[in-house]
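Given next are the chains, with one letter for each unit.
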Amino acid sequence: MKNIVLIGFMGSGKTEIGKRLADKLGYTFIDTDSIIENEMGKSIAEIFHEYGEEDFRGLETGVVKELSGIRGCVISTGGGVVINRENILNLKKDGLMVWLKASPKTIYERVKSEYRRPLLRVENPLQEINKLLGIREPLYAEADITIETDGIDVEKIVAIIADAYSKY
Ligand code: S3P
């Protein structure tokens, strides 16, 4: 059984959708950020603060490698996982990769009241979202399936992914 791998920007709903999808399919839900936090005994924000983004990316790539060989899981990834091409290749090898696409405005509305995302703790988060999306969208577009999530409820998105997966 192939995995389902959810990619997309922060605030695109990967965790919530991933958990519901895993429930629906009876699959195990895995979140790469949670694995990193458990392995380090620190939150993502603490890891960024203490070690910096580069070290975080190294940990992220390590976790993606550790996951190679697992099957029948729904894997939710951190929004920057696509920056490293090796991660895209490893995740796609055994999984259907799904991009949960959301507009900058939707993303901003979802993340503006949260403080746990270090990359968006800047003076102008919307500008930062646009900047990062400009870099990352071509990478997210390497997914097998793209789902436009703006204005669509979670259950519908879960159903669309489950249907695509059954035909894959
Ligand atoms: C990041 C996204 C975060 C987390 C870290 C970096 C990014 O995950 O991995 O803060 O670079 O976009 P979520 O996408 O789950 O918020």
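See above for the structure.
This one's a predicted model, so the numbers in the text were calculated from it and none came from an experiment.

S.K.: Looking at this structure, I do not really get the side chain of Arg-117. What am I missing?
M.R.: Relative to the assigned elements, Arg-117 resides in the loop between helix H6 (104-111) and helix H7 (125-140). Discounting chain neighbours no more than four positions away, the residues touching Arg-117 are Met-10, Gly-11 and Val-111.

S.K.: Help me understand the sheet that holds strand S2 (residues 28-31) in this model?
M.R.: Think of a sheet as strands paired side by side through backbone hydrogen bonds, with each pair either parallel or antiparallel. Ordered by their spatial adjacency, five strands build an open sheet running S2-S3-S1-S4-S5, and the pairing between neighbours is parallel. Of all the strands in the sheet, just S2 and strand S5 (145-148) have a single pairing partner and so form its edges. Sheet twist, expressed as the mean angle between neighbouring strand axes with direction ignored, is 20°. Across five bridges, strand S1 (residues 3-7) lies against strand S4 (residues 95-101) in parallel orientation. Counted as the bridge partner of Leu-6 is Val-98 from S4.

S.K.: What should I look at first to understand the site of the ligand in this one?
M.R.: Among the 14 residues in the neighbourhood of the ligand, the closest are listed as Lys-14, Asp-33, Arg-57, Arg-117 and Arg-136. Taking Lys-14, its side chain carries an N or O atom lying 2.5 Å from an oxygen atom of the ligand. Arg-57 places a side-chain nitrogen or oxygen 2.6 Å from an oxygen atom of the ligand. Coverage of the ligand by the protein amounts to 95% of the 390 Å² it exposes when considered alone. Residue assignment for the shell around the ligand shows that the elements contributing at least two residues are helix H3 (44-51) and helix H4 (53-66).

S.K.: Hey, could you run me through the pattern of salt bridges in this one?
M.R.: Evaluated as defined, the whole model comprises 13 salt bridges. Residues Lys-167 and Asp-163 are paired through a salt bridge, measuring 2.9 Å at the closest nitrogen-oxygen approach. Taken as a pair, Lys-167 and Asp-163 lie in helix H8 (residues 154-167) at a separation of four residues, close to a single helical turn. The exposure class of Asp-163 is partly exposed, given its relative accessible area of 40%. Here the salt bridges share partners, and the residues they tie into one network are Glu-16, Arg-20 and Glu-155.

Analysis parameters
Residues numbered from 1 in each chain as written. Predicted model: local features only at pLDDT ≥ 70, side-chain atom pairs only at ≥ 80, totals over all residues. Heavy atoms only, no water. Helix = DSSP H or I, 4+ residues; strand = E, 2+ residues; numbered from the N terminus. Contact = heavy atoms within 4.5 Å. Pairing = 2+ DSSP bridges. Axes fitted to C-alpha atoms, helices over the stretch in contact; angles between N-to-C directions. Near = heavy atom within 4 Å. Polar contact = N/O pair within 3.5 Å; in protein donor to acceptor, adjacent residues only side chain to side chain. Areas by Shrake-Rupley, 256 points an atom, 1.4 Å probe, with all protein chains shown as cover. Salt bridge = Lys/Arg side-chain N within 4 Å of Asp/Glu carboxyl O. Buried < 20%, exposed > 50% of the residue type's maximum accessible area, 1.4 Å probe, protein only.

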